[in-house]
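Read off the chains here:
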Amino acid sequence: MIRDMRIPLLKAMRPRQWIKNLLVFSALLFDQQLFATVPFLKTVAGFILLCLSASSVYLINDLADVEQDRQHPKKKDRPIASGALSVRTAQISIILLLIVSIVPAFLLDRYFGLLLLGYLLLNLLYSAYLKHIPIIDVMVLASNFLLRVSGGVLLITVQRFSPWMYVCVTLLALFVGLGKRRAEMVLLADNANSHRKVLDGYTIPYVDHLLTIVSSTIIMAYSLYTFSATNLPTNNLMMLTIPFVIYGVFRYLYVVHVEGAGGAPEDLLLSDRPLMATVLFWGLSVVLVLYLHP
């Protein structure tokens, strides 16, 4: 029986969403310590612990939303909702994941451990209450991205990491969260609020207005970062990365508005080749500017 549960359990842990935890490497990258052995190893350990704790959150959410998921056209195939993973196995897995993530996190760095604990508590509040409040639900999701970046800062001794990155990451997370809400409303149409109560507090025109505001602010904030942050090379070459950000924002809006996708950002990032290429080229250009400048 345990063997039969392995694949459904792994699927329920949503390893594809672990890509979000790569944000923990932001401090390492932008503080120009990417090739420093000890900081790199500590960040890798933090990444693994974030993945395990995030998986416990996904399982908790699936247990809390199991009845709604069974009525959803896509979420009904999730392991718990479909019955492929038993409730008891999910509960035991949650306890084990919490133990193997929280305890080592405090051993790695006590402040990182506290942050991870705060991340878990925030998501418990989200599952129980906050996810039903319009706007707050998206802001909580955005704060999870911010916590990932903050975790990376706590794991190393930063010297050149700019607070501008907090602003840019928060705006990007809001952008993706709003796109996800819009995609859900388009998919579920008139039955949206019966599947997710919070969607009753949104309309597509309203979400489109918010997307316009946030997308414009992302481009402005990132552009200001590239030539005003004091931790960057003085040659202003980081400004060469702005076109990748602009295209990435425009491409995501295209996918959301024209293709009607965006419901699962991690799937979109791994399946949409233009968007994937944009992220890869942006990352490569950042490395070149930060590590190979004169």
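In the block above lies the structure referred to throughout.
Residues numbered from 1 in each chain as written. Predicted model: local features only at pLDDT ≥ 70, side-chain atom pairs only at ≥ 80, totals over all residues. Heavy atoms only, no water.

Caption draft 1: Structural context of the overall build of the protein chain. Helix and strand counts for the protein chain stand at 14 helices and 0 strands. Traced from its N-terminal end to its C-terminal end, the protein chain shows the element sequence α-α-α-α-α-α-α-α-α-α-α-α-α-α. For 294 residues, the compact-globule formula gives about 19 Å, and the C-alpha radius of gyration of the protein chain, at 20 Å, lands near that figure. For the C-alpha atoms alone, the extent of the protein chain along its principal axes is close to 60 × 45 × 30 Å. Relative to its 294 residues, the protein chain shows a buried fraction of 48%. Within the protein chain, contacts between residues at least 6 apart in sequence are counted, and of these 71% link residues at least 24 apart. Surface summary for the protein chain: the accessible area is close to 14700 Å², and the carbon and sulfur share equals 69%. Averaging the locations of the 24 positively and 17 negatively charged side chains of the protein chain gives two centres separated by 5 Å. (Helix = DSSP H or I, 4+ residues; strand = E, 2+ residues; numbered from the N terminus. Rg over C-alpha atoms; globule rule 2.2 N^0.38 Å. Buried < 20%, exposed > 50% of the residue type's maximum accessible area, 1.4 Å probe, protein only. Contact = heavy atoms within 4.5 Å. Areas by Shrake-Rupley, 256 points an atom, 1.4 Å probe, with all protein chains shown as cover. Lys, Arg positive; Asp, Glu negative; His and termini not counted. Charge placed at Lys NZ, Arg CZ, Asp CG, Glu CD.)

Caption draft 2: Examining the nonpolar core more closely. Counting residues in each nonpolar core, the largest one holds 63 residues, and the members touching the most others are F30, F175, Y222 and M238. Sort the elements by how many residues they give to this core and helix α9 (residues 164–188) lands first, with 11 residues. In this structure, Y222 is in contact with C168, M238, T241, I242, V245, W282 and V286, ignoring residues within four places of it in sequence. Among the nonpolar cores identified, the runner-up in size contains 11 residues, and L9, A12, V66 and L97 belong to it. (Core = buried A, V, L, I, M, F, W, Y, C linked by side-chain atoms within 4.5 Å.)

Caption draft 3: Representation of the environment of I135. Considering the arrangement of structural elements, one finds I135 in the loop between α7 (110–128) and α8 (136–155). Judged by relative accessible area, I135 falls into the partly exposed class, the value being 41%. Separated by 120 residues in sequence, I135 and P15 have C-alpha atoms that sit 27 Å apart. Once residues lying within four places of it in the same chain are set aside, the contact partners of I135 are Y202 and Y206.

Caption draft 4: Representation of a nonpolar patch on the surface in the model. Residues F106, Y111, L114, L117, L121, L124 and L154 make up a contiguous nonpolar surface patch of roughly 600 Å² in combined accessible area. Here the nonpolar patch takes 5 residues from α7, the largest share from any one element. Along the polypeptide, L124 turns up in helix α7. On the basis of relative accessible area, L124 is assigned to the partly exposed category, the value being 40%. (Patch = residues over 30% accessible without salt bridge, like charges linked within 9 Å, V, L, I, M, F, W, Y side chains within 5 Å. Salt bridge = Lys/Arg side-chain N within 4 Å of Asp/Glu carboxyl O.)

Caption draft 5: Spotlight on helix α6 (residues 87–108). For α6, spanning 22 residues, the distance from its first C-alpha to its last is 32 Å, which sits close to the expected 32 Å at 1.5 Å a residue. Along α6, the positions that sit buried rather than exposed are A90, S93, I94, L97, S101, I102 and A105. One side of α6 carries all its buried residues, which in axial view fall inside an arc of 140°. Exposed residues lying more than 90 degrees from the buried face of α6 are R88, I95, L96 and L107. (Expected span 1.5 Å × (residues − 1). Arc of directions from axis to C-beta.)

Caption draft 6: Seen up close, the packing of α6 against α7. Taken N-terminus to C-terminus, the directions of α6 and α7 make an angle of 150°; their axes are 5 Å apart at the nearest point. Crossing handedness for the pair α6 and α7: left-handed. Within the contact between the two elements, α6 uses L98, S101, I102, A105, F106 and L108 and α7 uses R110, F112, G113, L114, L116, L117 and L120. Grouping the amino acids of the contact of α6 with α7 by side-chain chemistry returns 10 nonpolar, 2 polar and 1 charged. (Axes fitted to C-alpha atoms, helices over the stretch in contact; angles between N-to-C directions. Left-handed = near helix turned anticlockwise from the far one by under 90°. Nonpolar A, V, L, I, M, F, W, Y, C, P; charged D, E, K, R; others polar.)

Caption draft 7: Spatial organisation of the packing of aromatic side chains. Evaluated as defined, the whole model comprises 10 aromatic pairs. Both rings, one in F30 and one in W282, keep their centres 6.2 Å apart while their planes meet at 40°; by these two values the pair is tilted. Of this pair, F30 sits in helix α2 (residues 26–30) while W282 sits in helix α14 (residues 273–291), and the two are 252 residues apart along the sequence. Where F175 meets Y252, the ring centres are 5.1 Å apart and the plane angle is 55°; that geometry is what we call tilted. Placement of the pair is F175 in helix α9 and Y252 in helix α12 (residues 242–257), with a sequence separation of 77 residues. The rings of F30, Y222, Y225 and W282 are connected pair by pair, giving a single aromatic cluster. (Phe/Tyr/Trp six-rings, centres within 6.5 Å; stacked < 30°, edge-to-face > 60°.)

All quantities given are derived from atomic positions and should not be read as evidence of function.
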